[in-house]
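Descriptive analysis of the structure
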Amino acid sequence: DPPNLGRARESIARIIAEGSRASEVVKRIRGLSKKNTFQRSTLHVNELFHEVIALLDAELLKNKVQVSTDLDPNLPLVFGDRVQLQQVILNLMVNSIEAMHDVTNRTRQLSVKSHKVDPDRVQVSVKDSGCGLEPGQTDNLFEAFFTTKTGGIGMGLSISRTIIESHGGRLWATTNPDYGATFQFELPAADGSNS
C-alpha cells in the first residue's frame, strides 16, 4: 500500500504540538511551586474543554468512553493561565476515564458541563459513570499524596486545587446519586466580561 503522507504529517504535527504543550505544563507547574507569575489572559472556558477533548480523543476511543457536552455558549470570560486551566480539565477528565476502566455493565459516560452560577462566576463540571467515591473520601481527595488509584502518587487533584484556588476559584467533588462522581470548579468572571 502507498504510504498516507497526509496522515503521517498530521500525526507528526500533533506529536510536536503535544510535546510543546507538555513542556509548557511542566514549566508552569514548576513555576507554580516557585510562586512565579502566571501567563494570564481572558479565556473562554468552553474553548479549553474543546481543546482537551480533542487531545484525549484517542484515549476516549481506546477506553470506549462516550462524551456528552453541555457547554453554555453565553459564559462570561475568565481571566486565567490557559495551560494551567487546561491541565486541571485534563486531570479531571483522565481521572474520570480511569474511574470507568472496570465498568462493563453500563455505558462509560463522561459528561462535561459549563454554566453561569451568577453574572460573576462560571461553574464547570466533569461527571463520570464509574465506581464513585467511598464515604468520607471527598474529605481527603485533594490532599497531597492521597490516592485511590493503584500506582497513583496523589498529586493531580492537589495540584489542580492549588491552580483553581490561585485563580480565585474553588474545586470540589461529590458522589453521584446513581453511579460515579462529579468534580466541579468555579472561577470568577474576568472584570467587565459579559460574553
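The following refers to the structure shown. All figures in this text were calculated on a predicted structure; none of them were measured in a lab.

A word on the environment of Asp102
- By the secondary structure assignment, Asp102 is in the loop between α4 (82–99) and β4 (108–118).
- In this structure, the C-alpha to C-alpha distance between Asp102 and Cys131, residues 29 residues apart in sequence, is 8.2 Å.

Structural notes on the pattern of salt bridges
- Taken as a whole, this structure holds six salt bridges when the rule is applied.
- The partner of Glu47 in a salt bridge is Arg82, and the shortest N-O contact between them spans 3.4 Å. In this pair, Glu47 is assigned in helix α2 (residues 45–55) and Arg82 in helix α4, connecting sequence segments 35 residues apart.
- Given a relative accessible area of 28%, Arg82 falls into the partly exposed group.
- Note that Glu59 and Lys62 form a salt bridge whose closest N and O atoms lie 3.7 Å from each other. Here Glu59 pairs with Lys62, and both are found in helix α3 (residues 57–62), just three residues apart, close to one helical turn.
- A relative accessible area of 33% means that Glu59 is categorised as partly exposed.
- Each of Glu47, Glu51 and Arg82 takes part in a single network of salt bridges with overlapping partners.

Quick look at the packing of aromatic side chains
- Inspection of every chain in the model, using the stated rule, returns zero aromatic pairs.
- Here the basic side chain of Arg106 rests over the ring of Tyr179, its NZ or CZ set 3.7 Å away from the ring centre.
- The ring of Trp172 carries Arg170 above its face, with NZ or CZ at 3.8 Å from the centroid.

A few points about the environment of Glu186
- Of note, Glu186 is situated in strand β7 (residues 181–188).
- Note on Glu186: relative accessible area 7%, which makes it buried.
- When the C-alpha atoms of Glu186 and Val122 are compared, they prove to be 5.5 Å apart, with 64 residues separating the residues in sequence.
- For Glu186, the residues in contact, after removing those within four places along its chain, are Val117, Arg121, Val122, Gln123, Ile164, Gly169, Arg170 and Trp172.
- A distance of 3.0 Å separates a polar atom in the side chain of Glu186 from a polar atom in the side chain of Arg121.

With respect to the side chain of Ser160
- Here Ser160 shows up in helix α6 (residues 156–166).
- Those residues in contact with Ser160 that lie beyond four places of it in its chain are Val88, Asn91 and Leu171.

Things to note about the nonpolar core
- Counting 36 residues, the largest nonpolar core has Phe49, Leu92, Met93, Leu110 and Phe185 as the members making the most contacts within it.
- Considering each element in turn, this core owes the most residues, seven residues, to α4.
- Residues contacting Phe185, with those up to four places away along its chain left out, are Val88, Ile89, Leu92, Val122, Gln123, Val124, Ile164, Arg170, Leu171 and Trp172.

Definitions and limits used
- Residues numbered from 1 in each chain as written.
- Predicted model: local features only at pLDDT ≥ 70, side-chain atom pairs only at ≥ 80, totals over all residues.
- Heavy atoms only, no water.
- Helix = DSSP H or I, 4+ residues; strand = E, 2+ residues; numbered from the N terminus.
- Salt bridge = Lys/Arg side-chain N within 4 Å of Asp/Glu carboxyl O.
- Buried < 20%, exposed > 50% of the residue type's maximum accessible area, 1.4 Å probe, protein only.
- Phe/Tyr/Trp six-rings, centres within 6.5 Å; stacked < 30°, edge-to-face > 60°.
- Lys NZ or Arg CZ within 6 Å of the ring centre and 35° of its normal.
- Contact = heavy atoms within 4.5 Å.
- Polar contact = N/O pair within 3.5 Å; in protein donor to acceptor, adjacent residues only side chain to side chain.
- Core = buried A, V, L, I, M, F, W, Y, C linked by side-chain atoms within 4.5 Å.

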